[in-house]
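A structural walkthrough
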Amino acid sequence: MASRRDADTEIDPEAGLGLPTRIETLRARLEVVEGASRGAVFTSASSRATIGSAPSNDVVLDDRTVSRFHCEIRLEPGGARLRDLDSRNGTLVDGVRANDVWLRDGSLLRVGRSVLSFRTSEDKARVRLSAACAFGGLVGRSVAMRAAFAVLERAAQSDSTLLVLGETGTGKEEAARAVHEASDRRDAPFVVVDCSALSASLVETELFGHVRGAFTGAHASRAGAFEAADGGTVFLDEIGELPTDLQPKLLRVLEQRTVQPVGVSRGRAVDVRVVAATNRNLRAEVNAGRFRADLYFRLAVVTVELPPLRERPEDLPLLVERLLESVRADEESRALLSSAESLDAMRRAAWPGNVRELRNHLERGVLLRQPLSLAGAGAERAPSSDGIAIDPRIGYAEARSAALADFERRYLDALLAHHGGNVSAAARGAGINRVYLHELLRRHGLR
């Protein structure tokens, strides 16, 4: 149990060190200087400000030419960064069309028929941080991770629907599982549905089940994920891949807590907590018409974003220690792979596959009994001319298997990174069946 040291500091129960439990972050101040809302002033509640016509935005503009989620501003250590969210009419910054740009105090943003003046607010927002350096299988001492832990800890104390965002490999399923294990539902099932791994014809029966004779080949009744998880948690991974014709049915489940198996005319009540995850920007998907706005609002009751590994290099020592334990590294491998030299090299790598890629890198190092070069980490290129390190102390068959496994992991890491984690697009790009690609990803711990 953590104990209070002062108003903003608690003791980390694992490390025994005082860690700040609140920090101050910059906020965005936006004034409408042209348009129907002229004179209105908005100040974001946190370091992120979203602009659009939907009422859940920080800046809500009553303007038909503005998309539901038009653009967002994030105040980062390097400054204020604006990203257009694939809006219908685009965003202009100081007269120039912008997709991803840095802002200055006084920048003018044209959003639809409105013009807004941006500057950082003198008032700062206070962000709560967890006093712990771990939540379930996730670890990290960085501010970004402990801010995420604080949200996950609160989410675990409720049954609210949770949306977990983050790049591929950041630990979204681990976060969902940790929330389940920390909740009152921990003794009930935790059921995972990978929406990207199922064909459109199978998604409905996978989610909602079917009765015998409902369709050709339905020789027996089968409970869907929601019925199987009754009393527990359903984790909908890659929710952004859910076919549009099934989105209204999922919305009905979330609103009414009933499921209707294929072949049944009446719904069945279920008691489940829903956690969804995606590496897509669902607000941009809403703008593009690929994701229902009402479903997004139902899923995003509580939202948490897991930061990419490149943005939290200070977490590498903890991560390396935990991951080496998980792959059962011997003492020699631990010393080599957690040395100061190895950690420095890891901090300089890009890690497009994030923690998943780091785990694979360490596992290869343990298998080959030496640190591997990180010169190409995060780059989409073939292995260096030096090839894979050879250990003559092991047999030919074992060495060959290790080399093939290393190639497969490297290729799959690069393939996923190139296609932004979209498995369907990756399968098309690689020229292989999507089901087989999923098999390879699972074999190498990439899904």
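To start, this report covers the structure provided alongside it. (Residues numbered from 1 in each chain as written. Predicted model: local features only at pLDDT ≥ 70, side-chain atom pairs only at ≥ 80, totals over all residues. Heavy atoms only, no water.)

We now examine the sheet that holds strand β6 (residues 41-43). Spatially, β6-β5-β15-β14-β11-β12 is the arrangement adopted by the six strands of the open sheet, whose pairing is antiparallel. Edge strands, defined here as strands with exactly one partner in the open sheet, are β6 and β12 (96-98). In this sheet, adjacent strand axes meet at a mean angle of 30° when their direction is disregarded. (Pairing = 2+ DSSP bridges. Helix = DSSP H or I, 4+ residues; strand = E, 2+ residues; numbered from the N terminus. Axes fitted to C-alpha atoms, helices over the stretch in contact; angles between N-to-C directions.)

What follows concerns the sheet that holds strand β8 (residues 59-60). Taken together, five strands build an open sheet; the order of strands is β8-β7-β9-β10-β13 and the sheet is mixed. Every other strand in the sheet has two partners, leaving β8 and β13 (100-103) as the edge strands with one partner each. Examined bridge by bridge, strand β9 (residues 71-76) and strand β10 (residues 79-84) share six bridges and lie antiparallel to one another. In the sheet register, Arg-74 faces β10, and the bridge partner there is Arg-81.

What follows deals with the nonpolar core. Membership of the largest hydrophobic core comes to 36 residues, with the highest contact counts inside it found for Leu-207, Phe-226, Leu-236, Ile-239, Leu-242, Leu-250 and Phe-291. Once residues within four sequence positions are removed from consideration, Phe-226 is found in contact with Leu-207, Phe-208, Val-234, Leu-236, Leu-250, Val-253, Val-259, Val-270, Val-272 and Val-274. (Core = buried A, V, L, I, M, F, W, Y, C linked by side-chain atoms within 4.5 Å. Buried < 20%, exposed > 50% of the residue type's maximum accessible area, 1.4 Å probe, protein only. Contact = heavy atoms within 4.5 Å.)

With that settled, the discussion passes to unusual backbone geometry. Of note in the backbone geometry, Arg-328 takes a positive phi value of approximately 55° without being a glycine. Residue placement: Arg-328 occurs in the loop between α8 (316-326) and α9 (331-337). Despite not being glycine, Asn-354 shows a phi value in the positive range, around 55°. As for its placement among the helices and strands, Asn-354 is situated in helix α11 (residues 354-368).

Right, let's get into the side chain of Ser-196. Mapped onto the fold, Ser-196 is located in the loop between β20 (190-194) and α3 (200-208). Judged by relative accessible area, which is 2%, Ser-196 ranks as buried. Polar contacts involving the side chain of Ser-196 include one to the side chain of Asp-194, which spans 2.7 Å. (Polar contact = N/O pair within 3.5 Å; in protein donor to acceptor, adjacent residues only side chain to side chain.)

A separate point is the packing of α8 against helix α10 (residues 340-348). Interaxial distance between α8 and α10 falls to 10 Å at its minimum, and their mutual angle equals 110°. Put simply, α8 runs roughly perpendicular to α10. In this structure, α8 meets α10 at a crossing whose hand is right-handed. Mapping the contact onto sequence places Leu-316, Pro-317 and Val-320 in α8 and Leu-343, Met-346 and Arg-347 in α10. For the contact of α8 with α10, the residue count by class is five nonpolar, no polar and one charged. (Parallel < 35°, antiparallel > 145°, perpendicular 65-115°, else oblique. Left-handed = near helix turned anticlockwise from the far one by under 90°. Nonpolar A, V, L, I, M, F, W, Y, C, P; charged D, E, K, R; others polar.)

Our next topic: the packing of aromatic side chains. Taken as a whole and judged by the stated rule, the model has five aromatic pairs. For the pair Phe-69 and Phe-297, a centre-to-centre distance of 5.9 Å together with 55° between the ring planes defines the contact as tilted. Of this pair, Phe-69 sits in the loop between β8 and β9 while Phe-297 sits in helix α7 (residues 293-299), placing them 228 residues apart in sequence. Between Phe-208 and Phe-226, the aromatic rings sit 6.1 Å apart at their centres with planes inclined by 20°, giving stacked as the arrangement. You can see Phe-208 sitting in helix α3 and its partner Phe-226 sitting in helix α4 (residues 225-228), a full 18 residues away along the chain. (Phe/Tyr/Trp six-rings, centres within 6.5 Å; stacked < 30°, edge-to-face > 60°.)

For the coordinates displayed, the defined rule picks out 24 salt bridges. In this structure, the salt-bridge partner of Arg-177 is Glu-173, at a minimum N-O distance of 3.1 Å. With Arg-177 and Glu-173 both in helix α2 (residues 172-181), this residue pair falls four residues apart, about one helical turn. Here Glu-363 makes a salt bridge to Arg-359, at a shortest N to O gap of 3.1 Å. Placement of the pair is Glu-363 and Arg-359 together in helix α11, with a separation of four residues, close to one helical turn. For Glu-363, a relative accessible area of 26% translates into the label partly exposed. (Salt bridge = Lys/Arg side-chain N within 4 Å of Asp/Glu carboxyl O.)

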